[in-house]
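# Descriptive analysis of the structure
This is what each chain is made of:
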Amino acid sequence: MNLKYIKTSKKTRADAYTPFRLLILRILSYTDTMELSNIVVVLCNPNESKNIGSVCRAMVNTGLSRLRIVGTRADYKADVIQKLAVHSYHIWEQAEFYEDLSQAVNDCVFAAGTTRRRGQKRKNYSFLPEEFAQKVFSVPSNKVRAAVVFGNERTGLTDAELYMCNIAVTIPSNPASGSLNLSHAVQIIAYELYRRALPAASSYNPVALERLRHTVSVLADNLQRIGFFSLTGRTEMERFWLSVFSRAGLSEEEAGYIEKIFVKTAALALKDKSDIGI
């Protein structure tokens, strides 16, 4: 938005626009987004201590560190959790416990309930894991929290628990066997969140068609130098390589390297011929 086009011809009008201008400037100045440290994994009354240990490991693998459990610490076996958590046992040691789900998610802007079931009481729409990750990291602040809520291993989230969440997330799976292990479900969603948090990978720009034609010409010229086209037509060969290189989307470095290979190959072939007196 170009703020210079906001009308300020009269002093009173300029004063009236000031709050709006400040709001727009604040929005445009946002540079911070959600951080992994502010994403919470919430387990609702998990049954198995071993699953909690595996969840801890999945969290550490993907940069998550905040675990909340609806239940009581005394209900679970620390030695079993440690065995499965391996080097992520500190996640369990630092876990927070709550009496009910509403308390566990009250401070979060998103509470995403995971579910594979649809129904009148189970949200009208659910996000895929990658869509949820995109939504979380579209929040223009690094000072708020988001929660991903997982139900009991046997029953999943109840209707009442899902109602306490403001959005739903579904992991696509085989309808014939759609129930995922708790830690596997955590791993899938945590991976998408971690992937979204990573800095953009360095990319390259594929060379333009004109540049590709030059590469193809270099290849054809060097093949012609060694007499290759006495067997095969040059035009057909050029069309073939242009089609292949176009689909590959060569970078400048790749195009140049391929050219060097053919130039050197032709030079070596001509040198061999010279050595044997051809």
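Everything here concerns the structure above.
A brief look at the structure comes next.

## Let's talk about the environment of L128
- Tracing the backbone shows L128 in the loop between β4 (108–114) and α6 (129–136).
- When the C-alpha positions of L128 and T170 are compared, they lie 5.4 Å apart, and in sequence the two are 42 residues distant.

## A few points about the pairing of strand β1 (residues 39–44)
- Of all six residues making up β1, six are buried, and the element is well covered by its neighbours.
- Neither face of β1 is left uncovered, since the one carrying I39, V41 and L43 and the one carrying V40, V42 and C44 both have all their residues buried.
- Pairing analysis gives five bridges linking β1 to strand β5 (residues 145–150), with the strands arranged parallel. From the neighbouring strand, V41 faces β5, where its bridge partner is V148.
- As defined by bridge partners, β1 adjoins strand β2 (residues 66–70) across five bridges and the pair is classed as parallel. Within β2, the residue paired with C44 across the bridge is V70.

## Focus: the nonpolar core
- Counting residues in hydrophobic clusters, the biggest one holds 40 residues, and the most contacted among them are L67, F132 and L193.
- A per-element tally of this core places helix α8 (residues 182–197) first, with six residues.
- What L67 contacts, discounting residues up to four positions off in sequence, is V41, L43, I52, V55, C56, M59, I91, A95 and E96.
- Formed by 16 residues, the second largest nonpolar core is a distinct cluster that contains V42, V70, A147 and A168.

## Remarks on the environment of H87
- By the secondary structure assignment, H87 is in the loop between α3 (78–85) and α4 (89–93).
- The sequence separation of H87 and R57 amounts to 30 residues, and the corresponding C-alpha distance is 7.5 Å.

The rules we used
Residues numbered from 1 in each chain as written. Predicted model: local features only at pLDDT ≥ 70, side-chain atom pairs only at ≥ 80, totals over all residues. Heavy atoms only, no water. Helix = DSSP H or I, 4+ residues; strand = E, 2+ residues; numbered from the N terminus. Buried < 20%, exposed > 50% of the residue type's maximum accessible area, 1.4 Å probe, protein only. Pairing = 2+ DSSP bridges. Core = buried A, V, L, I, M, F, W, Y, C linked by side-chain atoms within 4.5 Å. Contact = heavy atoms within 4.5 Å.

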